[in-house]
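Notes for the structure review
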Amino acid sequence: MKLKTLLKEIPADHLQVKGSKEIEITGITSNSKLAGPKNLFIACKGRSQDGNQYIDDALQAGCNAIVTDIYNPFLTTITQIIHPNPREIEAELAKKFFGAPDEKLFICGVTGTNGKTTTSYLIHHLLNQLGKASGLISTIDTIIGPHLYKSTLTTPDVITNYKLLKEMCALGLTSAVLETSSHALDQNRVDTIDFDCAVFTNLSHEHLDYHKTMEDYFQAKLTLFTKIDQPGKIAIINIDDPYGKRIQQTLSQAALITYGIDNPADLRATHIQLNNEQIECTLSYKNQTAKLTSKLVGTYNIYNLLAAAALGLSQNYSLEQVVQGLKNFQGVSGRLEKVSGESDVNVYVDFAHTPDALKNALNALREIASKRLFVVFGCGGNRDKEKRSEMAKVSEALSDKAFITSDNPRTESPNSIIETIVSGFTPQANYHIEPQREEAIRQAIQEAEPGDTILIAGKGHETTQIEAMGAREFSDQNIARAHLTNLFDLMN
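Thresholds, definitions, all that
Position numbers for residues start from 1 in each chain and track the written sequence from start to end. In view of the model being predicted, local features appear only for residues whose pLDDT reaches at least 70, and side-chain atom pairs are presented and counted only at 80 or more, with totals across whole chains, interfaces and linings using the full set of residues. To get the side-chain values, all heavy atoms of the structure are used, and hydrogens and water are removed first. In DSSP terms, a helix is any run of H or I states spanning at least four residues, a strand is any run of E spanning at least two, and both are numbered starting from the N terminus. Taken over C-alpha atoms, the radius of gyration is set against a globule rule of 2.2 Å times the number of residues to the power 0.38. The buried label goes to any residue with under 20% of its type's maximum accessible area, the exposed label to any with over 50%, and the partly exposed label to all in between, with areas taken from a 1.4 Å probe on protein chains only. Contacts are residue-level and defined by heavy atoms, with any inter-residue pair within 4.5 Å sufficient. To measure how exposed things are, a 1.4 Å probe is used in the Shrake-Rupley method; for residues, cover is taken only from the protein chains shown. Charge counting treats Lys and Arg as positive and Asp and Glu as negative, with His and both chain ends excluded. Just so you know, the charge point we use is NZ for Lys, CZ for Arg, CG for Asp and CD for Glu. Each reported salt bridge corresponds to a side-chain nitrogen of Lys or Arg within 4 Å of a carboxyl oxygen of Asp or Glu. Two strands are counted as paired when DSSP detects at least two bridges linking them. Only the contacting stretch of a helix is used when fitting its axis, a line to C-alpha atoms as for every element, and angles between N-to-C directions run 0 to 180 degrees. Directions drawn from the helix axis to the C-beta atoms are what define this arc. Counting of polar contacts relies on pairs of N or O atoms within 3.5 Å, with two restrictions inside protein: one atom must be capable of donating a hydrogen and the other of accepting it, and residues adjacent in sequence are counted only when both atoms are side-chain atoms. Classification of ring pairs uses Phe, Tyr and Trp, with its six-membered ring standing for Trp, and accepts pairs whose centres are within 6.5 Å; under 30 degrees between planes counts as stacked, over 60 as edge-to-face, and the remaining range as tilted. The definition of a nonpolar core used throughout is a set of buried Ala, Val, Leu, Ile, Met, Phe, Trp, Tyr and Cys residues joined through side-chain atoms within 4.5 Å. Here, a disulfide means two cysteine sulfur atoms that sit within 2.5 Å of each other. Each angle is binned into one of four classes, with values under 35 degrees roughly parallel, values over 145 roughly antiparallel, values of 65 to 115 roughly perpendicular, and all other values oblique. Note on convention: near helix rotated counterclockwise from far helix by under a right angle means a left-handed crossing. Clockwise means right-handed. When residues are grouped by polarity, Ala, Val, Leu, Ile, Met, Phe, Trp, Tyr, Cys and Pro land in nonpolar, Asp, Glu, Lys and Arg in charged, and all others, Gly among them, in polar.

1. A word on the overall build of the protein
- Of the regular secondary structure elements, the protein holds 16 helices and 24 strands.
- In terms of overall size, the protein behaves like a compact globule, its C-alpha atoms giving a radius of gyration of 24 Å where 492 residues would be expected to give roughly 23 Å.
- Structurally, the protein occupies a C-alpha span of about 75 × 60 × 40 Å along its principal axes.
- Here the protein, with 492 residues, has 55% of them falling under the buried criterion.
- Across the protein, every contact between residues at least 6 apart in sequence was considered, and the portion connecting residues at least 24 apart equals 66%.
- Carbon and sulfur atoms provide 48% of the accessible area of the protein, an area that totals close to 21000 Å².
- The protein carries 48 positive and 58 negative side-chain charges, and their two centres are separated by 4 Å.

What follows is the structure, given as structure tokens:
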């Protein structure tokens, strides 16, 4: 694409071009490590880094044009696009370069504190079951047709988003599900994406190291719904969550579907039956009712199923079609995932790393546990410290014993993190400290008796432990599976 074509619809205010507009642009990036010949490099300023520092690296990689806020008269062999804030036009440039793929797809954004990933996978699954070929961009995986890529962020940068959406269009997909984080909303990574639908799961204490207050956190989430509050767009909201009610009150033009269990809602689940194999409940929507059976477990997963079902209903499918489409969903890695083993000890791995998520996971297992319930958890280093003691309180209230350990301590002292966690326990609390995560898992499994249940919380799908020296390979599932096998061998 010619540079002049790329710049054609960018507002000329505050924009100057020094050099030729006739050059060919073969790619666009704000990451110098991904730059290539004849690429346009956008030197964005972040919270801790300035893209201008990497202009030389981009030029060495072959870039022939840059977007920067500072004109450099010594760079005479490339075209410089001068803008006071390059990040402001990054999304528009990406959208134009990749051919506005978001306008060719039905796009659903899923946001909230807990349940985003499972809900995103459920919607992706349902859309495909209903014949609306769907891609997925999520915390765990990016799925484009037959191709699966491991994700590094819940929501990628704006250029990557457009690149992935273009790939979806190229493969003939007609819809996409984007798990949309508060960071992405706050950092304008999805500003220009043409969402057709927004889903709200819930909001609770998380990311306050970044957002500072719950109100700031909520306002970041709210921007997704402000974006889609127009005729022809759809808002799907958990009305049992007080923040969901606040979002509902702000909407005036988008079509709205509320879902819930406890409060009157457009889509509601009743007659709920739970066990350690599945969920059974009745869904009611307008004058339709249908029985839903799912291999997921726990009440909180009913909310995730309701959100996905609401999306299907918004596309004019019947409740029975939606229920049939959801029933064979197999679950998501690290989301209340049962670890297979020959032992009679029930072990589950979950990504729960917030007080509310831990509460949901423990409640879900308490609903189906026949004997004692143990929990193994820690808290991430260099992250929100306020939640640590709160997670201790949750574990004390809902488990029979907690094993406190490490969870991505990063550059913070594991012992210091653990000390902050245990400050939330009462003197009567039943807990054990073991900083080495593998050893904590082993001790919990060894102490458990047949019929007991163990929740290993915090890491979920992650396959590394991030420590001061870097990341090392680590899987809660693999470690639990190995120790379950050892326990079975010892008992036989």
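On we go from here.
2. Considerations on the pattern of salt bridges
- Under the criterion given, the structure shown has 23 salt bridges.
- Residues D452 and R372 are paired through a salt bridge, measuring 2.8 Å at the closest nitrogen-oxygen approach. Placement of the pair is D452 in the loop between α15 (437-447) and β22 (453-457) and R372 in the loop between α12 (355-368) and β19 (373-377), with a sequence separation of 80 residues.
- Between E462 and K459 there is a salt bridge whose closest N-O contact spans 3.2 Å.
- Taking relative accessible area as the criterion, E462 reaches 22% and is therefore assigned partly exposed.
- Overall, the relative accessible area of 1% leaves K459 in the buried class.
- Salt bridges linked by common partners bring K95, D102 and E103 together as one network.

3. A short note on the sheet that holds strand β1 (residues 16-18)
- Strand order across the open sheet formed by five strands is β1-β5-β4-β3-β2, with mixed pairing between neighbours. The two strands at the open ends of the sheet, each matched to only one other strand, are β1 and β2 (27-29). Within this sheet the neighbouring strands show an average axis-to-axis angle of 15°, counted without direction.
- Bridge count between strand β3 (residues 39-42) and strand β4 (residues 65-68): three bridges; the pairing is parallel. Bridged to F41 within β4 is I66.

4. So, helix α9 (residues 242-250)
- Within α9 the residues assigned to the buried category are Y243, G244 and I247. Mapping the buried residues of α9 onto a view down its axis gives an arc of 105°, with all of them on the same face. Of the exposed residues in α9, the ones pointing more than 90 degrees away from its buried face are P242 and Q249.
- Where α9 is buried, its residues touch β11 (197-200), α8 (214-228) and β12 (234-238).
- The N-capping residue of α9, defined by a side-chain oxygen 2.8 Å from the backbone nitrogen of Y243, is D241.

5. Thoughts on the sheet that holds strand β18 (residues 346-350)
- The six strands lie next to each other as β17-β18-β22-β19-β20-β21, forming an open sheet whose pairing is mixed. What marks the edges here is a single partner per strand, and that holds for β17 (337-338) and β21 (431-433).
- Here β19 pairs with β22 via four bridges, running parallel. When the sheet's bridge partners are listed, L373 is paired in β22 with T453.

6. Digging into the side chain of S314
- Mapped onto the fold, S314 is located in helix α10 (residues 299-314).
- Accessibility expressed as a relative area gives 16% for S314, which makes it buried.
- Each residue touching S314, except ones within four places of it in the same chain, is listed here: I234 and I257.

7. Here's the deal with the pairing of strand β9 (residues 147-150)
- When strand β8 (residues 141-144) meets β9, the two strands line up antiparallel, connected through four bridges. Across the sheet, D141 pairs through a bridge with K150, a residue of β9.

8. As for the pairing of β12
- Taking burial as the measure, the five residues of β12 include five buried ones, the bulk of the element.
- Residues I234, I236 and N238 point to one face of β12 and A235 and I237 to the other, with burial holding for every one of them.
- Examined bridge by bridge, β11 and β12 share four bridges and lie parallel to one another. Bridging from a neighbouring strand, F200 pairs with I237 of β12.
- In this structure, β12 lies alongside strand β13 (residues 255-260), joined through five bridges in parallel fashion.

9. Regarding the packing of aromatic side chains
- Scanning the entire structure with this criterion turns up five aromatic pairs.
- Consider the rings of F374 and F403, whose centres lie 5.8 Å apart with planes at 55°: the pair is tilted. Note that F374 is positioned in strand β19 and F403 in strand β20 (residues 401-404), a separation of 29 residues in sequence.
- Here F403 falls in the buried class, since its relative accessible area comes to 1%.
- Where F425 meets Y431, the ring centres are 4.3 Å apart and the plane angle is 5°; that geometry is what we call stacked.
- Given a relative accessible area of 10%, F425 falls into the buried group.

10. Overview of the nonpolar core
- Among the nonpolar cores identified, the biggest contains 53 residues, and L40, L93 and F225 are the most heavily contacted of them.
- What L93 contacts, discounting residues up to four positions off in sequence, is L6, L7, I10, I28, L40, I42 and V67.

11. Structural notes on the state of the cysteines
- Scanning all chains against the criterion turns up zero disulfides.
- Here C44 stays free of any disulfide, with the sulfur of C63 as its closest cysteine sulfur at 13 Å.

12. Structural notes on the packing of helix α4 (residues 116-129) against α10
- The N-to-C vectors of α4 and α10 enclose an angle of 40°; their axes lie 9 Å apart at closest approach. Of the possible angle classes, the one that applies to α4 and α10 is oblique. In this structure, α4 crosses over α10, and the sense of that crossing is right-handed. Mapping the contact onto sequence places T118, T119, L122, I123, L126 and L127 in α4 and N301, N304, L305, A307, A308, A309, L311 and G312 in α10.
- For the contact of α4 with α10, the residue count by class is nine nonpolar, five polar and no charged.

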